[in-house]
There are 4 protein chains.
Amino acid sequence: MKIGCIGLGNMGAAIAANVLHARHEVAVWNRSAEKARSLIDAGATLAANPRAAASDREIVMTMLADDAALESVLSGADGLLAGLRPGALHISMSTISVATAERIAASHGARGQHFLCAPVFGRPDAAAAAKLFIVAAGAAADLQKASPLFGSISQRVFYVGETPSAANLVKLCGNFMIASMLETFSEAYATLRKAGVDPHLFLETMNALFASPVYANYGKIIADETFQPAGFALRLGLKDMRLVLETAQECTAPMPLASHLRDRFLSAVAQGQGELDWSSVARISARAAGL
Amino acid sequence: MKIGCIGLGNMGAAIAANVLHARHEVAVWNRSAEKARSLIDAGATLAANPRAAASDREIVMTMLADDAALESVLSGADGLLAGLRPGALHISMSTISVATAERIAASHGARGQHFLCAPVFGRPDAAAAAKLFIVAAGAAADLQKASPLFGSISQRVFYVGETPSAANLVKLCGNFMIASMLETFSEAYATLRKAGVDPHLFLETMNALFASPVYANYGKIIADETFQPAGFALRLGLKDMRLVLETAQECTAPMPLASHLRDRFLSAVAQGQGELDWSSVARISARAAGL
Amino acid sequence: MKIGCIGLGNMGAAIAANVLHARHEVAVWNRSAEKARSLIDAGATLAANPRAAASDREIVMTMLADDAALESVLSGADGLLAGLRPGALHISMSTISVATAERIAASHGARGQHFLCAPVFGRPDAAAAAKLFIVAAGAAADLQKASPLFGSISQRVFYVGETPSAANLVKLCGNFMIASMLETFSEAYATLRKAGVDPHLFLETMNALFASPVYANYGKIIADETFQPAGFALRLGLKDMRLVLETAQECTAPMPLASHLRDRFLSAVAQGQGELDWSSVARISARAAGL
Amino acid sequence: MKIGCIGLGNMGAAIAANVLHARHEVAVWNRSAEKARSLIDAGATLAANPRAAASDREIVMTMLADDAALESVLSGADGLLAGLRPGALHISMSTISVATAERIAASHGARGQHFLCAPVFGRPDAAAAAKLFIVAAGAAADLQKASPLFGSISQRVFYVGETPSAANLVKLCGNFMIASMLETFSEAYATLRKAGVDPHLFLETMNALFASPVYANYGKIIADETFQPAGFALRLGLKDMRLVLETAQECTAPMPLASHLRDRFLSAVAQGQGELDWSSVARISARAAGL
């Protein structure tokens, strides 16, 4: 298929490489063109702007840092909305807010363009290994059209219904689940350390109890305090807690634990940890305990 | 070996049955004797009081509801402390506070009695299936002496050091990890339900993401709202949050997420949920969202 | 002076009446015109739209429910921005967000129009009695121009600097201080009642200790549970907690207590208390205690 | 009257001096005798132990740092319980827990001794100026007997009922009200400072709004960051939040704001602020905002 890939950060570039590897014809665009170099060497063509990256494509995938970046790529004379043919499909893989997803769905609908939300779980190494989990929502026919593409970048797809924005809510709640686990480890470790118990001993027990690779992975990162390089930057974790709280507020559902996580991440950003891995939120609990 | 088993609630009775099944000679005691009946039918002898249950035993295991129940079993003329021979071993399997564990360790030490703390992870069905996880702390020689016993009731033993009370802290922090997961599911589900997304769809994604039987189990209980019969009563969850906060305070380590969990469980008890499963804390988030 | 008054809710109508009473020439506009009747009877003229209410005025005061209402009044062909002469002054008395105030300041600046933010403290009875406190920010010359007007509606004006939006931040933080007091009373009363101590006895002590009419007033409302009619609707309190948290987030300053208050108000709205007085947040603490 | 005064810290010594000044016959005792010197110079007699300080007295007042200190003074062969005559009155002015007050009431009752709880509001300068507020509970006849004494040390007495421990709950809830105000100022100031608004400007508005000397006093201390010398040490504030939460838990009433304050004070103690004034909790919010 003729595919457009817009947004070539750590995640977007790895996804585009796998799409290319599956022998699709790929046009790429990124705000700073240099990130496209290795993809072009591997056979992709460089588009001059988002419109060009979309103009003759069946499917355009976007993977951008936040709502504002996606909206900027969509709008204007050189934007994706202007370039995408009626009947063609935009797959948004970024973690964006429910409200933004709803706005974009309406914009595409008004132009006869199709739209799937398909945010992903997985860090850049999972993206490179085509081991992502995709949470997808939108018209069933669009999901079917996207299936071969999804097959080349993920290990499994979860379909959560016909309303595209529902995928974003599921993704945001999933990040809330992970963030909560990070904070829980952080507080437990701080107390254990002050009581003279090695967090690694505790982690060994938790690995038996929860038997979860996510616990094993993050539990070790926090016990070892290896917060660089960031698999997922803390400032993005803050953004996601903000987005989940926004949606919860629109639904009139209080999430006090999410509020706590938001405040912890905000405190970490204020103390200069925005570019560290989000698991470095552990430093807040450690400092609060005088460690 | 000649073993004493004191405390025959859901957990204690299942453990005693497995010890008996491993062909040890077992004396049992429980505050209300009727709970001992099936064990006696299976070959155990009924002791008249804790002192008698301990008097000629190599090892006495206790599994009681809380610190006060354990201290009551230990003290007095008919108590365990009075009955246990010097050199014999008391294994405390209850989830008790660090401070109580330290006091009991001192009492045993003064009498030349040995003491292991060995609280367990696992619900009654895991106890019945001899699939518990044991967190043990105390003298290495005592652990070795307890090994055959532990082998007949658990799937794995974690040794966390020579200070008995450390096992209780690890256990309490583990329960804090689980309780945090319960609350996280609760808040996510409340928002998802108000947004019109079925929690079961979300859970399916989380099961792929976390790949943890604990998430799968509790995530389903909360989505299905099957809070009875209680695998672990909510009032005991409240007790454990209280104990972890007490220890954290003694160590001068704030645990704001544990404070939040304590307040949620307390609210649930105030609204009559003390005997439901602790996962019924989800009702608090649901009600707060007007569900 | 020729004055325009836009927004005639409980607060806006009382303010407009006092301006009229001070013998200014007053044009009024409100979304539903019937609220203007008594002012027209008292000598005001009814404008057809916000543009008309502003077109030949020296000063236009706006008092609207929220940011969206103010922005709607400002924009469009019939809006205040289109009607106000260069050199004329808009005084925004609503409690709006810092970001909105900054946007409006820029819009006025681009048209050579002047702008003061002047949100007020005081409930409708204080507005009627010309006993408001005004927090004002903007150019000193504009403040001077507004002084006679402020004198006819308030007991005191606080000038907090040249940046209009600073007044909104001070106002929002002030509402945060009051909301915090409401929640503090709520939690204390719940515990006292469960312990069998009459909250009125406690309040008497607090009145001696704090010697504050705000404590006396709200402490009594909460003890008596007289939450209707609302002096300040709970849904507006929720809005203000949301706005203070938004600004705090833009400044990278966590406010966990404000997060807690936001969640409590949100919970109260979810349970149908949006139109009750914001002091009815006390019901959340009462219910959580099983009262 | 023949009065005993036990506990001569900042508060206790000032109270004893005023009792002496009212021409009562005063015996004093303190753990470190040197603190009694100026009182002895002024006419008090030094007792050898608490029993002696109580043995021929009509009323004995105690003002000690915490529950443990009071219980240690009461118990043993040289203790207050052993020395006080049947019919004589013990007035406990310390801020202690409800549970401890109930235990002490029972101990006195069993010996035919009378007991009032009468904790006070006021910092050491108010104690010196005989301007304390006293919250008293116990038998009405005992209150009457204590009245002349209370008149010589306080500006007003609040009687909250016949159960002595109720006075402690009122006092603890009052300290919760003050602590909440400290935290509220702290969070507001941190945001204002990051937004470039001087906290003193904000405080001026709050002083008009709340018109409370408590706000004026603490608002200025926090804006000026003058946390030494401590009027009330932060570690004692932590103790009081712990006690109010203990009582709330016994009553099954969650107090999430009190939990938050407890965690903030605990964090402050962990960072070495235990002997600073409790208003120094503001440093936690400032640091969390990167100030």
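The numbers attached to residues start from 1 for each chain and follow its sequence in the written order. Throughout, the order in which chains and ligands are written sets their labels, letters from A for the former and numbers from 1 for the latter. Local features are withheld for residues below a pLDDT of 70 in this predicted model, meaning they are given only at 70 or higher, and side-chain atom pairs are given and counted only at 80 or more; totals for whole chains, interfaces and linings count all residues.

**Quick word on the overall build of chain A**
Starting at the N terminus, helices and strands are each numbered in turn, a helix being any DSSP run of H or I of at least four residues and a strand any DSSP run of E of at least two. Counting secondary structure elements, chain A contains 14 helices and 9 strands. Put simply, the radius of gyration uses C-alpha atoms, and a globule should come to 2.2 Å times the residue count raised to 0.38. What you see for chain A is a C-alpha radius of gyration of 20 Å, in line with the 19 Å of a compact globule of 291 residues. Taken over the C-alpha atoms alone, chain A extends approximately 65 × 45 × 35 Å along its principal axes. Evaluated residue by residue, chain A yields a buried proportion of 58% over its 291 residues. Taking the contacts inside chain A whose residues are at least 6 apart along the sequence as the reference set, 65% of them involve residues at least 24 apart. Whether a residue is buried, exposed or partly exposed is read from the other C-beta atoms within 10 Å of its own C-beta, which are placed from the backbone; 20 or more gives buried, 12 or fewer gives exposed, and intermediate counts give partly exposed. Any two residues are considered in contact once their C-beta atoms, placed from the backbone, lie within 7 Å.

**Observations concerning the packing of helix α9 (residues 164–194) of chain C against helix α10 (residues 199–210) of chain D**
The axes used here are C-alpha line fits, helices contributing only the stretch in contact, and every angle between their N-to-C directions lies in the interval 0 to 180 degrees. Where α9 of chain C contacts α10 of chain D, the two axes come as close as 10 Å, and the packing angle between them is 50°. Judged on the interaxial angle alone, α10 of chain D and α9 of chain C are oblique. When the axes of α9 of chain C and α10 of chain D are compared, the crossing they make is right-handed. Residues V170, C173, G174 and M177 of chain C of α9 of chain C form the contact with α10 of chain D, whose own contacting residues are F202, T205, M206 and L209 of chain D. Just so you know the grouping, Ala, Val, Leu, Ile, Met, Phe, Trp, Tyr, Cys and Pro go in nonpolar, Asp, Glu, Lys and Arg go in charged, and all remaining residues, Gly too, go in polar. Residue composition of the contact of α9 of chain C with α10 of chain D, grouped by class: 6 nonpolar, 2 polar and no charged. Note on terminology: angles under 35 degrees are roughly parallel, angles over 145 are roughly antiparallel, angles of 65 to 115 are roughly perpendicular, and the others are oblique. Crossing chirality is assigned from the near helix's rotation relative to the far helix, an anticlockwise turn below a right angle marking it left-handed and a clockwise turn marking it right-handed.

**Re the relation of the copies chain B and chain A**
Residues reaching a pLDDT of at least 70 in both copies supply the C-alpha atoms on which the copies are superposed by least squares. Of the two same-sequence chains, chain B is brought onto chain A (RMSD 0.1 Å, axial shift 0.0 Å) by a rotation of 180°. Taken together, these values place the two copies in the relation of a two-fold axis. Across chain B, the smallest distance between a C-alpha and the rotation axis is recorded for S212 of chain B, namely 2.4 Å. A symmetric contact is evident, with 100% of the interface residues of chain B recurring at the interface of chain A.

**What to know about the interface of chain B and chain D**
Tallying the contact residues gives 11 residues for chain B and 11 residues for chain D. Tallying contributions element by element places helix α13 (residues 256–270) of chain B first for the side of chain B that touches chain D, with 7 residues. The class makeup of the residues in the side of chain B that touches chain D is 6 nonpolar, 4 polar and 1 charged.

**Quick notes on the interface of chain B and chain A**
Tallying the contact residues gives 50 residues for chain B and 50 residues for chain A. Only β8 (132–136), β9 (154–159), α9 (164–194), α10 (199–210), α11 (213–224), α12 (234–250) and α13 of chain B provide two or more residues apiece to the side of chain B that touches chain A. Of the residues forming the side of chain B that touches chain A, the biggest block, 16 residues, is contributed by α9 of chain B. Residue composition of the side of chain B that touches chain A, grouped by class: 35 nonpolar, 10 polar and 5 charged.

**Notes on the environment of T184 of chain D**
Locating T184 of chain D in the fold gives a position in helix α9 (residues 164–194). As a C-alpha pair, T184 of chain D and S285 of chain D span 101 residues in sequence and 9.7 Å in three-dimensional space. Those residues in contact with T184 of chain D, other than ones at most four positions away along the chain, are F176, M177, S180 and L257 of chain C.

**Overview of the packing of α12 of chain B against α13 of chain B**
All names here are of chain B. Axis separation between α12 and α13 bottoms out at 9 Å; the angle between their running directions is 150°. Considering the angle they form, α12 stands roughly antiparallel to α13. Taken as a pair, α12 and α13 cross one another with a handedness that is left-handed. Taking contact as the criterion, the partners of L234, R235, G237, L238, M241, R242, V244, L245 and A248 in α12 are, on α13, A258, S259, L261, R262, F265, L266, A268 and V269. Among the residues forming the contact of α12 with α13, the class breakdown is 12 nonpolar, 2 polar and 3 charged.

**Looking at the sheet that holds strand β3 (residues 45–46) of chain B**
In a beta sheet, neighbouring strands are held together by backbone hydrogen bonds and run either parallel or antiparallel to one another. Residue and element names in this part refer to chain B. Here, any two strands with at least 2 DSSP bridges between them count as paired. As summarised here, the arrangement of the 6 strands in space is β3-β2-β1-β4-β5-β6, forming an open sheet in which the pairing is parallel. In the strand order of this sheet, the two ends are held by β3 and β6 (114–117), each with one partner. The pairing of strand β4 (residues 59–62) with strand β5 (residues 89–92) spans 4 bridges and is classified as parallel. Counterpart to V60 in the pairing with β5 is H90. On the sheet, helix α1 (residues 10–21) packs against β1 (2–6), β2 (25–29) and β4 and is oriented at approximately 165° with respect to β1. With respect to the sheet, helix α6 (residues 98–110) is in contact with β5 and β6, its orientation differing from that of β6 by roughly 160°.

**Quick word on the relation of the copies chain B and chain D**
One chain copy maps onto the other through a rotation about an axis and a shift parallel to that axis. After a rotation of 180° and a shift along the axis of 0.1 Å, chain B superposes on chain D with an RMSD of 0.1 Å. Both copies present the same face, since 100% of the interface residues in chain B are matched by interface residues at the equivalent positions in chain D.

**Regarding helix α8 (residues 140–151) of chain A**
Residues and elements named next belong to chain A. With 12 residues, α8 extends 16 Å between its outermost C-alpha atoms, agreeing within 8% with the 16 Å of an ideal straight helix rising 1.5 Å per residue. When we look at burial in α8, the residues that qualify are D142, L143, A146 and L149. In a view along the axis of α8, the buried residues occupy a sector of 105°, so they form one face of it. Opposite the packed face of α8, turned more than 90 degrees from it, sit the exposed residues A140, A141, Q144 and S147. Helix span, as expected, comes to 1.5 Å for every residue beyond the first. This arc describes the spread of directions from the helix axis toward the C-beta atoms.

**Quick word on the domain arrangement of chain A**
Residue and element names in this part refer to chain A. The domains assigned to chain A are domain 1 (2–162) and domain 2 (168–288). Note that the domain bounds were set by an automatic or database domain assignment. For domain 1 and domain 2, the distance between their C-alpha centroids amounts to 28 Å. Facing 14 residues of domain 1, the contacting portion of domain 2 comprises 14 residues. For the side of domain 1 that touches domain 2, the element with the highest residue contribution is helix α6 (residues 98–110), accounting for 3 residues.

**What to know about the sheet that holds strand β3 (residues 45–46) of chain D**
Residues and elements named next belong to chain D. Sheet architecture is open: 6 strands sit in the order β3-β2-β1-β4-β5-β6, paired in parallel fashion. One side of each edge strand has no neighbouring strand; the edge strands of this open sheet are β3 and β6 (114–117). Two strands pair when backbone bridges link them, and strand β1 (residues 2–6) and strand β2 (residues 25–29) are joined in this way by 5 bridges, in the parallel orientation. Bridging from a neighbouring strand, I6 pairs with W29 of β2. Packing of helix α6 (residues 98–110) onto the sheet brings it into contact with β5 (89–92) and β6, and relative to β6 it is tilted by some 160°.

**A word on the pairing of strand β8 (residues 132–136) of chain D**
Residue and element names in this part refer to chain D. Summarising burial for β8: 4 of the 5 residues are buried, a large majority. In the sheet, strand β7 (residues 120–121) pairs with β8 via 2 bridges, with the strands oriented antiparallel. Looking at the pairing, F121 lines up with F133 of β8. Pairing between β8 and strand β9 (residues 154–159): 5 bridges, direction parallel.

**Overview of the environment of S212 of chain A**
By the secondary structure assignment, S212 of chain A is in the loop between α10 (199–210) and α11 (213–224). Residues in contact with S212 of chain A, not counting those within four places in the same chain, are F210, A211 and S212 of chain B.

**Re unusual backbone geometry**
Note on backbone geometry: most residues besides glycine have negative phi, and most peptide bonds are trans. Each neighbour pair has its own omega, and for Q228 of chain A with P229 of chain A the value is -5°, a cis peptide bond. When you line up the elements, P229 of chain A lands in the loop between α11 and α12 (234–250). Positive phi, normally seen in glycine, also occurs at A130 of chain B, with a value near 55°. Its location among the elements puts A130 of chain B in the loop between α7 (124–128) and β8. A residue is classified by how many C-beta atoms lie within 10 Å of it, and A130 of chain B, with 19 of them, is partly exposed.

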